[in-house]
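Below are the chains, spelled out letter by letter.
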Amino acid sequence: MGLLRLLVLAVLASEPGVAGGAETVGNSSEGLLEFSVGKFRYFTLNRPSPEDAILRHISSNASFLIFQIHSQYQNTTISFTKTLLHNTSGTGTDKGLVFILRPEQSMCTWHLETLDAEPVQNMAIPLSYSERDPVPGGCNLEFDLDIDPNIYLEYNFFETTIKFAPANLGYARGTNPLPCDIGTGRDSRWRLLYDVYQYFLPENDLSQEGLLKHLQRMAEVPQVKANAIKVVTLTANDKPRVSFSSLRGQGVIYNVIVRDPLLNTSAAYVPVHTYACHFEAKEGNCSSLGRVSTKVFFTLFALLGLFICFFGHRFWKTELFFIGFIFTGFFFYIPVTRLTLLTYDGNLKIFQDDGVFWVTFSCIAVIIPVVFMGCLRILNILTCGFVGSYLVVLAFDSYLYTSLSYITLNILKRALHEDFHRAFTNVPFQTNDFIILAVWGMLAVSGVTLQMRRERGQPFFPAHPYKLWKRERERRVTNVLDPSYHIPPLRERLYCRLTQIKELFRKEQPAGERTPLLL
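It should be emphasised that the depicted structure is a prediction, and the values quoted were computed from it without experimental measurement.

Considerations on the environment of Asn 426
So, step 1. Its location among the elements puts Asn 426 in the loop between strand E18 (423-424) and helix H9 (431-454).
So, step 2. Asn 426 gets classed as buried once you look at its relative accessible area, which sits at 17%.
So, step 3. With 20 residues separating them along the chain, Asn 426 and Tyr 406 place their C-alpha atoms 9.8 Å apart.
So, step 4. One polar contact links Asn 426 to Gln 198, side chain to side chain, over a distance of 3.2 Å.

Rendered as structure tokens:
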């Protein structure tokens, strides 16, 4: 049986034609992975035993196929043949190949393997498209594959960037594709549009089963449109590159649908996913939301925030020090980080200009105090309740993911990273966020209400230190029975103290007669 399998594979590989497998007649041998068009299949790959897969009964209406394979974080290699070449194979966690079908071809094969020492759980699906559908990656000039339907993802602490190759117009079996860069009229690939979609996994879901399940909603065009959020639409004149705010520990799936508005057809690229973190890192991996020092720091801040939320106006000096410490640390951290790295609504194009963004941000920050200028005590109490309760939200983020922390984090990223203005700042708003938002609102309202009731009938603010000193001085002048009345003024006390210090350094004169004797 093993000899028969090798014989079948040799016949398939020897057939002439374009990359995408070969046509053969007869039944396949045992041991091959059987696939059906539009059907997902789970399987496990091991390093010692690569697999060969086969797809039969391809419809004659299909012009090309896209075979895609996915895993969570371990790399898998997919190739047209067992001999791995850079222009006929791809390696990664989300990879796919385009099979251009020949006339009368009804069967395709491909080779799957992994170099990872541990077994890799995979999910794969072949999808078919007609001659009217655009070919994803059909005009690739940047990446290795001749026709590249893959989305390439890069991320850092600030942003996640996806790139993809431009598509080409569809064409029938046995015909040549249209030139990519000859003419820019309505009959060329320049009429194509690219819809970029984003899909959030459930918060705190790092499971492999959950990822592969949700990837099924992002593979085909109808499911992508029904389940994901369309972020932006690019034209053929735009760069095929989009940036997003990185969400560490939050699973996100991206995909691109290329549309032909003239024929009203579309096709999907191979979806790609990220958690903006590494699963196999020893420190700071995806399973760990933060360091112990970070948790301790934000926990202490949360306790102090609770104190400010409920007692900030009464303890005026403590509040001033705390709020001043926050703002000073924030504005000091920005230039220091920019120098060491050397390197809100960001979804609106108008705010992608740094000048417009920071002017708008400053105006909002200034206009609120102006509105409450006539009732400064209310403004101060509102600030205590809002800022103090929000620090509790930041502490929650150290233990349990919440997108509410990005209210301040995205502003900090905007200040630190020069290219963050082009990033889309969508975040998920799920069950955890609703609960924490309710806690935030409850703490803020409770703190503001308690402080307003307690301060009713009290002076708006503590007296100015200069006024207190002046009042105390007048009291001492008029009250002769006060012991402090007999204390000399400050100038005399300083003069006496300086005189005493001079006496310490004066040389002692010898005892006896100090003038010469008269003769």
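Focus: the state of the cysteines
So, step 1. Enumeration according to the criterion identifies two disulfides in this entry.
So, step 2. With a sulfur-sulfur separation of 1.9 Å, Cys 277 is cross-linked through a disulfide to Cys 286. On the S-S bond that ties Cys 277 to Cys 286, the torsion sits near 115 degrees, and the link is right-handed.
So, step 3. What makes Cys 277 buried here is its relative accessible area of 10%.
So, step 4. Cysteine pairing for the protein, with bonded cysteines counted in sequence order: 1-2, 3-4.

As for the UniProt feature "transmembrane region" (unreviewed entry) in the protein
So, step 1. Feature annotation in UniProt assigns "transmembrane region" (unreviewed entry) to the following positions: residues 296-313, 320-336, 356-379, 391-412 and 432-450.
So, step 2. Helix makes up 73% of residues 391-412 and strand 0%, with an end-to-end C-alpha separation of 16 Å.
So, step 3. Taken end to end, residues 432-450 is 100% helix and 0% strand, and its first and last C-alpha atoms sit 27 Å apart.

Description of the packing of aromatic side chains
Two descriptors summarise a pair of aromatic rings, namely the distance from one centre to the other and the angle between the planes of the rings.
So, step 1. Under the definition given, this model contains 19 aromatic pairs.
So, step 2. Grouping aromatic residues by their ring pairs yields a cluster made of Phe 35, Phe 43, Phe 67, Phe 80, Phe 99 and Trp 110.
So, step 3. When the ring centre of Phe 35 is taken as reference, the NZ or CZ atom of Arg 41 above it lies at 5.9 Å.
So, step 4. The ring of Trp 190 has Arg 189 sitting right over it, with the charged end atom 4.0 Å from the ring centre.

Details of the sheet that holds strand E7 (residues 94-100)
So, step 1. Pairing is antiparallel in the open sheet, where four strands are placed in the order E2-E9-E4-E7. Because the sheet does not close on itself, it has two edges, and the strands there are strand E2 (41-45) and E7. On average, each strand axis in the sheet is inclined to that of its neighbour by 25 degrees, with strand direction left out of account.
So, step 2. The pairing of E2 with strand E9 (residues 120-129) spans five bridges and is classified as antiparallel. In the sheet register, Leu 45 faces E9, and the bridge partner there is Val 120.

Conventions and cut-offs
- Residues numbered from 1 in each chain as written.
- Predicted model: local features only at pLDDT ≥ 70, side-chain atom pairs only at ≥ 80, totals over all residues.
- Heavy atoms only, no water.
- Helix = DSSP H or I, 4+ residues; strand = E, 2+ residues; numbered from the N terminus.
- Buried < 20%, exposed > 50% of the residue type's maximum accessible area, 1.4 Å probe, protein only.
- Polar contact = N/O pair within 3.5 Å; in protein donor to acceptor, adjacent residues only side chain to side chain.
- Disulfide = S-S within 2.5 Å.
- UniProt positions renumbered as here; feature names shortened; annotations may be inferred.
- Phe/Tyr/Trp six-rings, centres within 6.5 Å; stacked < 30°, edge-to-face > 60°.
- Lys NZ or Arg CZ within 6 Å of the ring centre and 35° of its normal.
- Pairing = 2+ DSSP bridges.
- Axes fitted to C-alpha atoms, helices over the stretch in contact; angles between N-to-C directions.

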